Amino acid sequence: MNLHFHRNPDGTTTGRNDAAGFSVTHADEEEVKRQLYEDAGWEYTPPPPPVPPGFHRFPLVHEEFVLGAFGDERYAGLRERPPKGCVPVDRGCFALECERPGKSLLDAVAGTVAEIRREHGLVMTGLGVEKPHEWLGSERDGYAAQIVADLVLMAAHRARLLGYGRKEVVRLLDATGIE
């Protein structure tokens with residue numbers, strides 16, 4: 001079953017359930033999503049309320065290519081004493097759902113990753129973005145920024161596994177000309 005969403009030039013959103021042939025257009029994107037989920041027989045969960053100004057909501061995951069589920073003893077301290085504003089969750093791997101302060105989403109993620117590394121000796125490997133190539137949004141601190149943070153953490157983790165160090169990764173980043 002495929003559900004599709006499209007933002008229209010007039011500001012409305014159209015959703016379509018291919019399997020049922022159901023289509024709906026509405027000014028409220030969440031209402032479109034709710035109706036499509038209902039039509040598909042899926043449970044709809046409304047989005048959480050917005051975070052306070054200066055805070056950002058994001059997941060952090062520790063995914064490895066070896067067995068290491070949520071209950072693994074490596075995560076005991078982090079499960080018992082997560083960073084303030086983070087809650088441990090089982091996503092088939094160890095994960096945290098966080099609402100943390102920061103000047104930007106990347107700042108909040110960086111501060112949280114550094115605190116976890118410092119306090120627990122664990123480097124988080126991503127934000128759990130399933131399809132980072134599906135670029136969504138243009139807000140500096142929205143979902144697109146989560147994709148950027150996920151890709152950077154994943155790249156750092158995988159570079160380390162291959163034996164690359166900080167200098168090589170930073171050199172590559174510097175070579176892009178990003179200021």
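Read on for an overview of the structure. (Residues numbered from 1 in each chain as written. Predicted model: local features only at pLDDT ≥ 70, side-chain atom pairs only at ≥ 80, totals over all residues. Heavy atoms only, no water.)

## A few points about the environment of Pro88
Inference 1: Following the sequence through the fold, Pro88 ends up in strand β5 (residues 86-90).
Inference 2: Other than its neighbours up to four places away in sequence, Pro88 contacts Phe70, Leu78, Arg79, Pro82, Phe94, Ala95 and Leu96. (Helix = DSSP H or I, 4+ residues; strand = E, 2+ residues; numbered from the N terminus. Contact = heavy atoms within 4.5 Å.)

## Examining the pairing of strand β1 (residues 3-7)
Inference 1: Direction of pairing for β1 relative to strand β2 (residues 13-17): antiparallel, over a ladder of 5 bridges. What sits directly across from Leu3, in β2, is Asn17. (Pairing = 2+ DSSP bridges.)

## Observations concerning the nonpolar core
One recurring pattern in soluble globular proteins: nonpolar side chains tend to sit buried together.
Inference 1: Formed by 22 residues in total, the largest nonpolar core has its most connected members in Phe58, Leu60, Leu96, Val109, Met124 and Leu127.
Inference 2: Put simply, the parts of the chain that give this core at least two residues each are β4 (55-62), β6 (94-101), α3 (105-120) and α4 (143-161).
Inference 3: In contact with Leu96, other than residues within four places in its own chain, are Phe58, Pro59, Leu60, Leu78, Pro82, Pro83, Cys86, Val87, Pro88, Val89, Ile116 and Met124.
Inference 4: Listed in part, the 5 residues of the second largest apolar core include Leu3, Val24, Val32 and Ala40. (Core = buried A, V, L, I, M, F, W, Y, C linked by side-chain atoms within 4.5 Å. Buried < 20%, exposed > 50% of the residue type's maximum accessible area, 1.4 Å probe, protein only.)

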